Amino acid sequence: MSPAARLAGLGTTIFTEMTALAERSGAINLGQGFPDTDGPAAVIEAAVAALRGGENQYAPLPGVPALREAVLEHQRGWYGLEPEDVLITFGATEAIAAALLGLCDAGDEVVVLEPYYDSYAACIAFAGAARRPVTLRPPAFEVSAEALRAAIGPRARLMLLNSPHNPTGRVLSRPELELIASACVEHDLLCVTDEVYEHLVYDGEHIPIATLPGMASRTLTISSVGKSFSFTGWKIGWCSGPAELVAATRMVKQHLTFAGGTPLQHAAAAALRLPREEVTALAGDLRAKRDQLCEGLRAAGLRPIVPAGTYFVNAEVGEDAMAFCAGLAERCGVVAIPTSVFYDDKAAARTLVRFAFCKRPEVIAEAARRLAALG
Ligand code: PMP
Ligand code: GLN
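Caption draft 1: Region of the structure containing the sheet that holds strand S4 (residues 130–135). Read from one edge to the other, the open sheet built from seven strands follows the order S2-S8-S7-S6-S5-S3-S4, with strand pairing classed as mixed. Edge positions in the open sheet fall to strand S2 (85–90) and S4, since each of these has one partner strand only. With strand direction ignored, the average angle separating the axes of adjacent strands in the sheet is 20°. Alignment of S2 against strand S8 (residues 236–241), held across six bridges, turns out to be antiparallel.

Encoded structure:
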C-alpha cells in the first residue's frame, strides 16, 4: 500500500509540526504564521450578515460577483492595474496549486526564489515540473543578476515570485523587479506572483510586478484575505490577470474544489473595500510588533535581520538552527522555525531562525522574557 511516487520527499509541513510541538509543550508559538487576534469587526459582521442572509449555497465557479468586482476595484484603485479576469479560490494556496497545474507541463522548469513557501515545491512536483531556485542569501536576501541568469535554462516556463517575501520579510525593490521582469520578457516566461502580504509593508512600498512594462500580459497575480486582513482561517483567495492564465487556473480549480466559502467570499469583498486608513492601520500595528520582537531578540543575544514586510523576522542564532529550534520549546518555552527548511541550499541559512510577530504585545513580551533566559 505505497503512496503515489509524486509524494516522494513530501513530509508533514513544518507549520503543522511546529504548531503541534507548541501545543504539546505549552510553548509560545512563534512558528506558524497566524495572528492571535481577529481581523476588522466590520468584516466579521459582513460574514454574519451573509450567513444570515441566505448566502449559503455553491458560489459560481469564478467566485461571487461582489468579490470578483471588489478584487478588480482593489487592483485598479491601489495599483492602477486592469486585469482581464479574476478567479476566487480556496486561499492563495489553491490559486498557486491550480495555476501551476494549469500552466506547467511535465519537464517544464519553474524559476523560484528560495527560501520558498513550502507549497510551491509540492505543487511544482505535482505538475511534473522541476524547480530552479534563485537563492536569496542573508543578511540582504537580494536577487542577484547572476543567480537569476543561472536559474533560467532552455526549459524554463514560469517565474514563481513572492513579494513581500515569506520567510525573509524582503519587499523586492524596483530594480530587482525590473531585473526579473526583463528576464521574463527576454525568455518569454509566464509569471505567477504571490502577493498575500501586499498590505503588510513597513519600509519601502509593495510594487506588483504586473505593473512593470511587458508584465501585465504574462502575469497572474495571487492574493488572499488571510494575511493582510488577519483571517487566515477563512481561506478566501483570488488571482487576476490575463484571460488565458485565469482560464487555465479556473479549469483546474473546477475539478479540485469547484467553489467554496460563499458567505466568506461576501465578507472578503467587505475587507477589500475597507477604507485605506484601516488597511494601513493594520500594518502600523504589525510594525510596532516587529520592532518589539526585534528588540526582544536583540536583548536575548540573537541578531535579527529587520524585515521590511510580512510578519516574520529572521535572526542569526549563532549555532545550527535545526538543533536550536528542536530544543527551544524545552529550553525556554518558545517555538520558531529553522529558515533552512525553506531552502534547497540548506547551507545558505544554517544558523538562521524565523520568528512570527503577529501576536499580541503581551505575548511578544512574554516570549522575549523567555528568550532572554537563553543568554
Ligand atoms: N503564500 C505565502 C507566501 C504564504 O506565506 C501563505 C501562508 N498564508 C500562503 C501563500 C497561503 O495563503 P492562504 O492562507 O490564503 O492559502
Ligand atoms: N503561511 C504560514 C507561515 O508561513 C503558514 C501557513 C500554513 O500553515 N500552511 O507560517
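Caption draft 2: Layout of the site of ligand 2. In the vicinity of ligand 2, the contacting residues are Phe15, Gln32, Gly33, Tyr117, Asn166, Tyr197, Lys227, Phe312 and Arg354. Between an oxygen atom of ligand 2 and a main-chain N or O atom of Gly33, the distance comes to 2.7 Å. Here the residues of the shell around ligand 2 sort into four nonpolar, three polar and two charged.

Caption draft 3: Focus on the state of the cysteines. Evaluation of the coordinates by the stated rule reveals zero disulfides. Looking at Cys104, it has no disulfide partner, and the nearest cysteine sulfur is the one in Cys123, 10 Å off. Given a relative accessible area of 6%, Cys104 falls into the buried group.

Caption draft 4: Spotlight on helix H9 (residues 243–256). The terminal C-alpha atoms of H9 lie 20 Å apart, and with 14 residues this matches the ideal 20 Å at 1.5 Å per residue to within 8%. All buried positions along H9 are accounted for by Leu245, Val246, Ala248, Thr249, Val252 and Lys253. With its buried residues spanning 160° around the axis, H9 presents them on a single face. For H9, the exposed residues lying more than 90 degrees away from the buried face are Glu244, Met251 and His255.

Caption draft 5: Representation of a nonpolar patch on the surface. Residues Leu7, Leu10, Leu101, Phe126 and Leu256 make up a contiguous nonpolar surface patch of roughly 400 Å² in combined accessible area. A residue is classified by how much of its surface remains accessible, and Phe126, at 35% relative accessible area, is partly exposed.

Caption draft 6: Structural view of the pairing of S4. Alignment of strand S3 (residues 109–114) against S4, held across six bridges, turns out to be parallel. In the strand pairing of S4, Val111 is matched with Arg132.

Caption draft 7: Main features of unusual backbone geometry. Backbone torsion omega between Glu114 and Pro115 reads 5°, so that peptide bond is classified as cis. Considering the arrangement of structural elements, one finds Pro115 in the loop between S3 and helix H5 (118–126). Cis rather than trans, the peptide bond between Pro138 and Pro139 has omega equal to 0°. Structurally, Pro139 can be placed in the loop between S4 and helix H6 (145–151). In the Ramachandran plot, Asp188 falls in the positive-phi region, its phi being about 55° despite a non-glycine side chain. Structurally, Asp188 can be placed in the loop between helix H7 (174–186) and strand S6 (190–194). The backbone of Ser230 shows a phi angle near 60°, a positive value even though the residue is not glycine.

Caption draft 8: Region of the structure containing the sheet that holds strand S9 (residues 303–305). The strand order S9-S10-S13-S12 describes an open sheet built from four strands, whose pairing is antiparallel. Bordering the open sheet on either side are S9 and strand S12 (337–338), each of which pairs with just one other strand. Relative to strand S10 (residues 312–316), S9 runs antiparallel, the two sharing three bridges. Looking at the pairing, Pro304 lines up with Ala315 of S10. Seen against the sheet, helix H12 (residues 321–332) touches S12 and strand S13 (352–356) and runs at an angle of roughly 40° to S13.

Caption draft 9: Main features of the side chain of Glu114. Position of Glu114 among the secondary structure elements: in strand S3. One buried charged residue, Glu114, forms no salt bridge at all, with the nearest opposite charge on Arg137 at 6.2 Å. Those residues in contact with Glu114 that lie beyond four places of it in its chain are Pro133, Val134, Thr135, Leu136, Phe342, Tyr343, Asp344 and Asp345.

Caption draft 10: Focus on the environment of Pro175. Note on placement: Pro175 falls in helix H7. Along the chain, Pro175 and Val143 lie 32 residues apart, while their C-alpha atoms are 9.6 Å from each other.

Caption draft 11: View of the environment of Phe90. Take Phe90: it is sitting in strand S2. Take Phe90: its relative accessible area is 45%, and that puts it in the partly exposed class. For the pair Phe90 and Trp234, spaced 144 residues apart in sequence, the C-alpha to C-alpha distance is 8.5 Å. In this structure Phe90 touches Lys235 and Lys253, once residues within four positions along its chain are discounted.

Caption draft 12: Focus on the packing of helix H3 (residues 65–79) against helix H10 (residues 262–272). Relative orientation of the contacting elements H3 and H10 amounts to 25°, with a least axis distance of 8 Å. Comparing their axes, H10 and H3 come out roughly parallel. Taken as a pair, H3 and H10 cross one another with a handedness that is left-handed. Counting all contacts with H3, which are made through Ala66, Leu67, Ala70, Val71 and His74, the residues of H10 involved are Gln265, His266, Ala268, Ala269 and Leu272. Considering only residue class, the contact of H3 with H10 consists of seven nonpolar, three polar and no charged.

What counts as what
- Residues numbered from 1 in each chain as written.
- Chains lettered and ligands numbered in written order.
- Predicted model: local features only at pLDDT ≥ 70, side-chain atom pairs only at ≥ 80, totals over all residues.
- Heavy atoms only, no water.
- Pairing = 2+ DSSP bridges.
- Helix = DSSP H or I, 4+ residues; strand = E, 2+ residues; numbered from the N terminus.
- Axes fitted to C-alpha atoms, helices over the stretch in contact; angles between N-to-C directions.
- Near = heavy atom within 4 Å.
- Polar contact = N/O pair within 3.5 Å; in protein donor to acceptor, adjacent residues only side chain to side chain.
- Nonpolar A, V, L, I, M, F, W, Y, C, P; charged D, E, K, R; others polar.
- Disulfide = S-S within 2.5 Å.
- Buried < 20%, exposed > 50% of the residue type's maximum accessible area, 1.4 Å probe, protein only.
- Expected span 1.5 Å × (residues − 1).
- Arc of directions from axis to C-beta.
- Patch = residues over 30% accessible without salt bridge, like charges linked within 9 Å, V, L, I, M, F, W, Y side chains within 5 Å.
- Areas by Shrake-Rupley, 256 points an atom, 1.4 Å probe, with all protein chains shown as cover.
- Salt bridge = Lys/Arg side-chain N within 4 Å of Asp/Glu carboxyl O.
- Contact = heavy atoms within 4.5 Å.
- Lys, Arg positive; Asp, Glu negative; His and termini not counted.
- Parallel < 35°, antiparallel > 145°, perpendicular 65-115°, else oblique.
- Left-handed = near helix turned anticlockwise from the far one by under 90°.

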